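Fold and geometry: a report
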Amino acid sequence: MSPEMAPPRGTVIDLALLLERHLQDNEAVRRTDDQVMDLHLLKKELKESEERYRMVVENQTELICHSKPDGTITFVNEAYCKYFNKTRHDLIGKSFMPLLPEEDRRRADAHLKSIDRDNPIGVIEHRVIMPNGDIRWQQWTDRVIFDDAGEIDEFQSVGRDITESKNLEQKH
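Residues numbered from 1 in each chain as written. Predicted model: local features only at pLDDT ≥ 70, side-chain atom pairs only at ≥ 80, totals over all residues. Heavy atoms only, no water.

1. Quick look at the packing of aromatic side chains
- Summed over the entire model, instances satisfying the criterion amount to 3 aromatic pairs.
- Measuring from centroid to centroid gives 6.1 Å for tyrosine 80 and tryptophan 140, while their planes differ by 55 degrees, and the two rings are tilted. Of this pair, tyrosine 80 sits in helix α2 (residues 78-84) while tryptophan 140 sits in strand β4 (residues 135-146); the two residues are 60 residues apart in sequence, bridging distant segments of the chain.
- Using a relative accessible area of 6% as the deciding quantity, one classes tryptophan 140 as buried.
- Measuring from ring centre to ring centre gives 4.9 Å for tyrosine 83 and phenylalanine 84, while their planes differ by 75 degrees; the resulting arrangement is edge-to-face. The residues tyrosine 83 and phenylalanine 84 share a single accessibility class, namely buried. (Phe/Tyr/Trp six-rings, centres within 6.5 Å; stacked < 30°, edge-to-face > 60°. Helix = DSSP H or I, 4+ residues; strand = E, 2+ residues; numbered from the N terminus. Buried < 20%, exposed > 50% of the residue type's maximum accessible area, 1.4 Å probe, protein only.)

Listed below in structure tokens is the structure:
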């Protein structure tokens, strides 16, 4: 038994104080145990929520990516990889701008620069160069994501191929 837990020599009051301190210590331990259990439950719920979100994003047929303001890709979903016939490794860390014809790059850059706190969502249609050299049309909805300081951190973009509708428009 540690010295602070040793029964005091003396009165019944000393024993009562020791017992009260022991009960308080046990209550503090119980509260800590409850907090640890709550923390474990929260971590489990967060992990499950992240997994559900990941499954939604990965099972989308739309192309989803995140990119920095300079066009550097930070995330792509599986549909994006399949569309361009590339791996995540091929895409992440590289700019998406080379996938666009030169004349569409300037418009895409101006489009991203127009998205800000007052105008946090933008839509653009532009052409892309496929790995086999074919030109296709895409429509993208871009949403700005701000960092903790309120500065633009990146864009979350959801795109789809609109080549067929563009071809129909050109025929009429």
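2. As for the pattern of salt bridges
- Counted according to the given criterion, the structure contains 10 salt bridges.
- A salt bridge links glutamate 78 to arginine 88, with the nearest nitrogen and oxygen atoms 3.6 Å apart. Residue glutamate 78 is located in helix α2, and its partner arginine 88 is located in helix α3 (residues 88-91); the two are separated by 10 residues in the primary sequence.
- When its relative accessible area of 28% is taken as the criterion, arginine 88 is described as partly exposed.
- One network of salt bridges, in which partners are shared, links Glu102, Arg105 and Arg106. (Salt bridge = Lys/Arg side-chain N within 4 Å of Asp/Glu carboxyl O.)

3. A look at the pairing of strand β1 (residues 63-67)
- Where burial is concerned, most of β1 is hidden: 5 out of the 5 residues are buried.
- Burial of β1 is two-sided: the residues Leu63, Cys65 and Ser67 facing one way and the residues Ile64 and His66 facing the other way are all buried.
- As paired strands, β1 and strand β5 (residues 152-161) are joined by 5 bridges and run antiparallel to one another. When the bridges of β5 are listed, isoleucine 64 appears paired with valine 158.
- Note that β1 and strand β2 (residues 73-76) share 3 bridges and pair antiparallel. Counterpart to cysteine 65 in the pairing with β2 is valine 76.
- Where β1 hands over to β2, the hairpin turn is made up of 5 residues, of which glycine 71 adopts a positive phi near 95 degrees. (Pairing = 2+ DSSP bridges.)

4. Some points on the sheet that holds strand β3 (residues 121-129)
- The sheet built from 5 strands is open, its strands ordered β2-β1-β5-β4-β3 with antiparallel pairing. Of all strands in the sheet, those bounded by a partner on one side alone are β2 and β3. The sheet shows a mean angle of 25 degrees between the axes of neighbouring strands, direction not considered.
- Strand contacts of helix α4 (residues 102-113): β3, β4 and β5, with the helix running at about 165 degrees to β3, the strand carrying the most contacts.
- This element, helix α5 (residues 163-171), spans β3, β4 and β5 of the sheet and lies at about 125 degrees to β4. (Axes fitted to C-alpha atoms, helices over the stretch in contact; angles between N-to-C directions. Contact = heavy atoms within 4.5 Å.)

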